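A structural walkthrough
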Amino acid sequence: MKLAYQDKKTPVHRLHPVCKIIWVLAVIAGSILINDPILLVLLFISTIPFVIIGKIVKEWGSFVKLTLWLSIFIAIINMLASQHGSHILYSSPMLPILGTINITLESIIFSIGMSIRLLATISAFAILTLTINPDDLLQTILLLKIPYRTVLTTSIAIRFIPCLFTDLDTLQSSLQTRGYQMAEGGFLTRIKRRAIIIPSLLSNSLERSIQSAEAMESRGFGSKGGKTFYNVIQTTRTDYFFIALSLSLFALFAIMWILRIGTYEYYPNITPIAITISYVSVALFLVLSAASPAIFSPLKKVIDLD
Amino acid sequence: MIEFKDLTFKYADSSNTALSNISLSINDSEFILITGPSGCGKSTLCRCINGLVPSFYGGEICGSVEVQNIDALRTPTKDMAKTVGMVFQDPENQLIATDVEREIAFGLENLGLPKTIMVKRIEEVLDTVGIDHLRHRQLSTLSGGEKQKTAIASVLVLHPEILVLDEPTSELDPKGAEEVIQLVKRLNEELGLTVILVEHRIDRVLQSVDRLIVMDSSEITYDGKPRGWINLAENKLPLVGIPPITHLSVELKQKGIDTKIPLTIKEGRQIFSPILKDNKWKKPIQTHPHKSKNITSCIAKARKLWYKYPDGAVVLKDITIDIFKGEFIALIGRNASGKTTLAKLLNGLLKPSKGKVEINGIDTTRTKVENLAKCVGYVFQNPNVHLFADTVEEEITFMMNNLGFSSKMIEESLDKELKQFNLEYCRYAYPRSLSTGEKQRVALASVLAAKPQLLILDEPTRGLDYGLKKNLMNYLIEYRKNGGTVILISHDIELIAEFGERVVLMSEGKIVADGNKHQVLANSLHFSPQINRLIQPFTKYGISSDILTVEEIMQGFK
Amino acid sequence: MKKIHIFALLASIITIIVFIIISKNGSYDTWSIGTLLIIVTTMGIMFFQFEKGKITSKEISLIAILSGVSAISRVPFAAIPSVQPCTYIIICTGYVFGPVAGFMVGATTALVSNIFLGHGPWTIFQMFAWGIVGVTASILPKLKIKSAGVIIFGIAWGYLFGWITNLWIWLAYVYPHTFSTLLVTMGASLGFDTLHALGNAIFLAVLGEKTITIFQRYKNRFHIKYRFKIEKEPSSMSDCTIEPSNS
């Protein structure tokens, strides 16, 4: 199993993790606060520069594919469950338990709007998964100084994944070389036959855990007195600029929410969105600010070198 | 200064004492080697120095341990970190961060040192240990030797006065082991660090240590100069495995020739020179040329075999090899030379990218590994990966059940294996609670119970003490007497020189030498055993240039 | 009362007060805020216990490695949809090692496996759901529930896990937030949840006891006691029994 994150050494990968984390959180918050379908489409589009500059189109594609499946799921739920809306397109006969089900135009439009919201959210998450080194992510959380043990635990878990993987592989080989048929029989037998590997993997791993606890103890883990942190993520002045850029996105969404710009009422009646000058300027501003960290990221190297 | 006074210790879950009446005093800047068979208590002794015993493991203790005037038994390990640095056997499990720099910083963070000091100390230690080039590398991409050096750096950064290393090389390949040993020597010489090193293979270090401590069944049986021990305890020698060159002086002594005791080839050549130049030696002993056998008795054959891993690395290039019934083949070569890959192709775990592998005439691509298991047995390095069952008995019958043996055959075979491998006393024991040697026997028994025609062992002797190695070899000899064929992957040249027959040397995915052990191992710079290196200048005096072992040289002695 | 319990109590009370205030104010969506509050408070309490409680290096590396195993144990079963041993491993962990370890292994499993499989809005809900699996499993031994009971518990969590993780879809993408829409959302993954429940039942039936024994054997090495014998005579063995500070 390979990490979803691969260091592709692009300007997006070089952006400070804090900047990317804030940006992702802002986009997620934005996608929840806004429900105007056009603005959501624009929000989604403004995540694409990250994907292109970060050279993660293929991996990102598989996340988007997943979104399509989930969208169908969401559409079905909304159409079945939401009996709101005034334009009834289809009315089912009396069904047992469920009663009459009305499928309304509003619920279909709402489903489309929600699919776009999902697309924007998952695109942001994909960028987080694919371009931030999990180790840097954890170190960043550590800057908050509170959840030290949680971060340490997660980081040890990640560190051991490659060798647990080798263990798993060796155990599988060992079973095979001893004539054990793993992919045989029906559904239940197959699970049962494969399951035999888990207790052995657990036993070997518990042995590992004793040894690493021993090593931690020997290096002063749990000593009394203050614990300090050796943070190896370098932060330059340019990084602060980019972090500020991401933070401003948060501010933008907050203002929009307070002023109720970008909220659209799907129910009970869909109404056309009035494209006014102020609407267009908000939309433009949104795209520009959401895409700006990615678009300006190639400049970072140039500025840092000066 | 470390002072053990009358220390006796027993683990909570054990009925035997792990240490009994240990009294020992170690001076500052001494370089101490501790050796002894598995389970003799040497690891426990190490763990007393930084308080892991008893505060981490628990048990019953009596006596005292004082380390730099600290009562080590009553001080928590975490508070000993600044005084004692401890490096463990497995390079994998003692590292907990994801990259080298963060790993080294971990201990400093725990002690709460300010950042400016951390930066300085990390810089220094990276240079001292010589891993500056690795500082940003992910730990999972490092070799075993590099990981072990990182572990040493990560304890050294706390500026301990004492460095304790518990079998730091037993999981490493020879190159990694050599690097670690050189580093430890340098730390002792240049920084004056007290070093306590526990090792099975003592030939690499014996000449550089100040003191040797030998332990056996929870007691110290020798404590003194490294050379003195060889004179003292001849009956203990086979248990620990002394360097062949030293062994030669012991053998000569039995023949009435008293020599000084050499520890290195250089010393050996000086000391033995008069004896080897002496015309007391018989004509060259005969070598055994590799006979080409009848093709019908061929068990496994590979033809023009190529293998490429999914990531694109080509590890085997155009391998053609025949394995005949009854052979004992040692597969040697540097790390990543393709030995294990070849072995895995020979039992069908991997399928050739190009070319063909046939086992008993069956093309491996046409069948599953599970079906080949009947003909080819495979023993992994770590016996733990063989253990799936709850009792030793179930473990041994596991494979026979998989292969559909009749219950009568299973019963017969089980009794035979239990007896042969001396496992009757732990027939119903939980396999994982056994000792290393016992586990190894269970693993071997479980594979041999199914009576494979070909047995492949992947570095089975790594980390084993000399006694266990010898036992293992005896089992293999027994197996071959009954018509078995063995392929042994190993780095242990001395072992192969003693027990091997045909040797296949691999390099960069190719077979570069294939023949009788005398042809392949003699006169090779990197892969020749100690005795062979010793005798090279003396061949003009009538000593055969392909002598590999002490036994062979002594045969030529009139 | 321990400091941690006081904290938990305070956190719960504050949560309830916040919820009441919000639900009085009609302009907010009480359902979604209520749900999020429950998740955040529960996780806050559990993480706080882990961060500030008595935890040694042994627990930390145990939790880390069990989470790692649990995360990668999904791989050999990747071919069978929704069947994976995570839930059973987390149940056994909670059962033997208690609520904090159970919660942490559950939450970390979600966090770590998604570093490989991809984060999404589901991450936090999986962390919560698996975390609570671990917490609730720790109650089983206190109620003296064994083999069959544990299997039923596993089946129940097969469904509950699906329902909890479906919440993210319901909260952000379904309107309006009523009981009936909740029901439909929960029901939508019925097939997968049934497979999950079935998988849990098989794993617990085949491996449950074995795994619990393995864990218990390990736990016994955890609770260490050591004592200093002043003299070698066995009669004076209990002269001075010291419980180490870190156990």
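Residues numbered from 1 in each chain as written. Chains lettered and ligands numbered in written order. Predicted model: local features only at pLDDT ≥ 70, side-chain atom pairs only at ≥ 80, totals over all residues.

This brings us to the overall build of chain B. In terms of regular secondary structure, chain B is built from 21 helices and 20 strands. Computed over the C-alpha atoms, the radius of gyration of chain B is 25 Å, within 12% of the 24 Å expected from 2.2 N^0.38 for a compact globule of 558 residues. Each of the three principal axes of chain B carries a C-alpha extent, and together these read 70 × 60 × 50 Å. In chain B, buried positions account for 53% of the 558 residues. In chain B, the share of contacts with a sequence separation of at least 24, taken over all contacts with a separation of at least 6, comes to 67%. (Helix = DSSP H or I, 4+ residues; strand = E, 2+ residues; numbered from the N terminus. Rg over C-alpha atoms; globule rule 2.2 N^0.38 Å. Buried ≥ 20, exposed ≤ 12 C-beta atoms within 10 Å, placed from the backbone. Contact = placed C-beta atoms within 7 Å.)

Moving on: the overall build of chain A. Tallying secondary structure elements over chain A gives 12 helices and two strands in all. Overall, chain A shows an N-to-C arrangement of helices and strands of α-α-α-α-α-β-β-α-α-α-α-α-α-α. Compactness check: chain A gives a C-alpha radius of gyration of 25 Å against a globular reference of 19 Å for 306 residues, more than 25% above the reference. Looking at chain A as a whole, 44% of its 306 residues qualify as buried. Taking the contacts inside chain A whose residues are at least 6 apart along the sequence as the reference set, 80% of them involve residues at least 24 apart.

Another aspect to go through is the domain arrangement of chain A. We note that the domain assignment places domain 1 (11-138 + 235-305) and domain 2 (147-218) within chain A. Its C-alpha centre places domain 1 of chain A at a distance of 38 Å from the equivalent point of domain 2 of chain A. (Domains from an automatic or database assignment.)

Now for the pairing of strand S19 (residues 502-507) of chain B. All names here are of chain B. Of all six residues in S19, five are buried, a share of seventy percent or more. Pairing geometry for strand S13 (residues 328-333) and S19, over five bridges, is parallel. For Ala330, the partnering residue across the bridge sits in S19 and is Val503. Inspection of the sheet shows S19 paired to strand S20 (residues 510-516) by six bridges, in the antiparallel sense. Each residue of the ladder has a partner; that of Ser507, found in S20, is Lys510. (Pairing = 2+ DSSP bridges.)

All names here are of chain B. Split by domain assignment, chain B resolves into domain 1 (2-234), domain 2 (244-287 + 545-555) and domain 3 (295-536). The C-alpha centroid of domain 2 is placed 35 Å from the C-alpha centroid of domain 1. On the side of domain 2, five residues touch domain 1, which itself brings six residues to the contact. Here the residues of the side of domain 1 that touches domain 2 are counted per class, giving three nonpolar, one polar and two charged. (Nonpolar A, V, L, I, M, F, W, Y, C, P; charged D, E, K, R; others polar.)

Before going further, it helps to spend a moment on helix H1 (residues 42-49) of chain B. Residue and element names in this part refer to chain B. For H1, the buried fraction is high: eight of the eight residues fall into the buried class. Every buried residue of H1 is listed here: Lys42, Ser43, Thr44, Leu45, Cys46, Arg47, Cys48 and Ile49. At the C-terminal side of H1, Gly51 shows a positive phi close to 85°.

Now for the sheet that holds strand S12 (residues 314-324) of chain B. Residues and elements named next belong to chain B. Strand order in the open sheet formed by four strands is S12-S11-S14-S15, with antiparallel pairing between adjacent strands. Looking at which strands have only one partner, the edges of the open sheet turn out to be S12 and strand S15 (362-363). As paired strands, strand S14 (residues 354-359) and S15 are joined by two bridges and run antiparallel to one another. The residue of S15 that forms the bridge with Ile359 is Ile362.

This part is about the nonpolar core. Core analysis: the largest hydrophobic core is formed by 318 residues, its most contacted members being A:Leu43, B:Ile32, B:Ile49 and B:Leu331. Sorting elements by how many residues they give to this core places helix H6 (residues 105-131) of chain A first, with 13 residues. (Core = buried A, V, L, I, M, F, W, Y, C linked by C-beta atoms within 7 Å.)

Another aspect to go through is the sheet that holds strand S16 (residues 376-379) of chain B. Residues and elements named next belong to chain B. Spatially, the six strands line up as an open sheet ordered S16-S17-S18-S13-S19-S20, and their pairing is mixed. Across the chains shown, the open sheet's two edge strands, defined by having one partner strand only, are S16 and S20. Across this sheet, the average inter-strand angle for adjacent strands is 15°, counted without regard to direction. Two elements, S16 and strand S17 (residues 454-458), share four bridges in a ladder whose sense is parallel. Residue Gly377 lies in a different strand from S17, and its bridge partner there is Leu455. Each of S16 and S17 touches helix H16 (residues 436-448); the most contacted strand, S16, lies at about 170° to it. (Axes fitted to C-alpha atoms, helices over the stretch in contact; angles between N-to-C directions.)

Looking now at the environment of B:Ala373. Along the polypeptide, B:Ala373 turns up in the loop between helix H13 (369-372) and S16. Sequence-wise, B:Ala373 and B:Asn402 are 29 residues apart; in three dimensions their C-alpha atoms are separated by 9.7 Å. Excluding residues that lie within four positions of it along the chain, B:Ala373 makes contacts with A:Thr177, A:Arg178, A:Gly179 and B:Leu403.

Here we take up the interface of chain A and chain C. Listed as interface residues are 60 residues of chain A and, on the opposing side, 56 residues of chain C. Elements with a minimum of two residues in the side of chain A that touches chain C: helix H5 (57-81), H6, helix H8 (148-177), helix H9 (187-195) and helix H10 (197-218) of chain A. Take the side of chain A that touches chain C: its biggest share by element is 14 residues, from H10(A). A class-by-class count of the residues in the side of chain A that touches chain C yields 41 nonpolar, 13 polar and six charged.

Quick look at the environment of A:Ile156 now. Residue placement: A:Ile156 occurs in helix H8. Owing to 25 C-beta atoms within 10 Å, A:Ile156 belongs among the buried residues under this scheme. Each C-alpha atom, one on A:Ile156 and one on A:Leu284, is 44 Å from the other, the two residues being 128 residues apart in sequence. Once residues within four sequence positions are removed from consideration, A:Ile156 is found in contact with B:Ile96, C:Ser61 and C:Ala64.

Glancing now at the pairing of strand S10 (residues 219-224) of chain B. All names here are of chain B. Pairing between strand S9 (residues 211-216) and S10: five bridges, direction antiparallel. Bridged to Ile213 within S10 is Asp223. Here S9 hands over to S10 after two residues, with Ser217 in that stretch at a positive phi of 30°.

Residue and element names in this part refer to chain A. The interhelical angle for the contact between helix H3 (residues 37-45) and H6, taken along N-to-C directions, is 25°, at an axis separation of 9 Å. Here H3 lies roughly parallel to H6, going by the angle between them. The element H3 and its partner H6 pack so that their crossing is left-handed. Taken together, the residues of H6 that come into contact with H3 (itself represented by Pro37, Leu40, Val41, Leu43 and Phe44) are Ile112, Gly113, Ile116, Arg117, Leu119, Ala120 and Ser123. (Parallel < 35°, antiparallel > 145°, perpendicular 65-115°, else oblique. Left-handed = near helix turned anticlockwise from the far one by under 90°.)

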